[in-house]
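Commentary on secondary and tertiary structure
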Amino acid sequence: MQYMLLIMEPVGQRQGRSEDEGRRVYADMRRFADDLKARGLLSAAESLRSDTDGVRVQVRGGKPSLVDGPFSEAKEMVGGFFLLDCESREQAVEIASRCPAAAWATVEVRALGPCHEG
């Protein structure tokens with residue numbers, strides 16, 4: 001079954017790091033991804049740019065509404081993801097607990113599935 005690990009970072013955390021710290025964190029995450037790939041568990045992984053570069057889109061009554069980031073009401077932002085092929089939820093949770101980001105962010109584990117289920 002496929003699971004997504006969403007890296008939920010506190011807003012503004014990246015700006016508080018030095019460039020060297022940011023590069024170290026990124027390298028740690030790349031090593032984690034490389035290990036998962038070597039084990040045949042990783043389908044995809046990417047880091048996302050800050051929410052300051054994002055835009056939210058809604059369409060109501062046929063009219064699009066756009067809100068540029070940063071999003072003031074947000075306390076967290078999705079900083080990246082890992083898409084995994086796991087045998088069980090327990091395996092996905094175990095992998096999430098070893099993710100380097102779990103030390104400075106929240107790693108949310110979500111099973112993929114159609115939106116009409118549960």
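Scroll up for the structure.
Okay, so let's go over this structure.

Rules behind the numbers
Residues numbered from 1 in each chain as written. Predicted model: local features only at pLDDT ≥ 70, side-chain atom pairs only at ≥ 80, totals over all residues. Heavy atoms only, no water. Helix = DSSP H or I, 4+ residues; strand = E, 2+ residues; numbered from the N terminus. Buried < 20%, exposed > 50% of the residue type's maximum accessible area, 1.4 Å probe, protein only. Contact = heavy atoms within 4.5 Å. Phe/Tyr/Trp six-rings, centres within 6.5 Å; stacked < 30°, edge-to-face > 60°. Patch = residues over 30% accessible without salt bridge, like charges linked within 9 Å, V, L, I, M, F, W, Y side chains within 5 Å. Areas by Shrake-Rupley, 256 points an atom, 1.4 Å probe, with all protein chains shown as cover. Salt bridge = Lys/Arg side-chain N within 4 Å of Asp/Glu carboxyl O.

1. Describing the environment of alanine 96
- Along the chain, alanine 96 falls in helix α2 (residues 89-98).
- Residue class for alanine 96 comes out buried when judged on its relative accessible area of 7%.
- Separated by 45 residues in sequence, alanine 96 and aspartate 51 have C-alpha atoms that sit 23 Å apart.
- Setting aside chain neighbours within four positions, we find alanine 96 in contact with Leu5, Ala102, Val107 and Val109.

2. Concerning the packing of aromatic side chains
- Under the definition given, this model contains one aromatic pair.
- Ring geometry for phenylalanine 32 against phenylalanine 82: centres 5.3 Å apart, planes inclined by 90°, an arrangement best described as edge-to-face. Of the two residues, phenylalanine 32 is situated in helix α1 (residues 19-38) and phenylalanine 82 in strand β5 (residues 76-85); the sequence distance between them amounts to 50 residues.
- Relative accessible area serves as the criterion here: at 4%, phenylalanine 82 is assigned to the buried category.

3. Re a nonpolar patch on the surface
- Nonpolar side chains collect at one region of the surface, where Val55, Val57, Val59 and Leu66 lie side by side and expose about 370 Å² of accessible area between them.
- Ranked by residue count, the leading element in the nonpolar patch is strand β3 (residues 55-60), at three residues.
- Along the polypeptide, valine 55 turns up in strand β3.
- With relative accessibility at 44%, the residue valine 55 sits in the partly exposed group.

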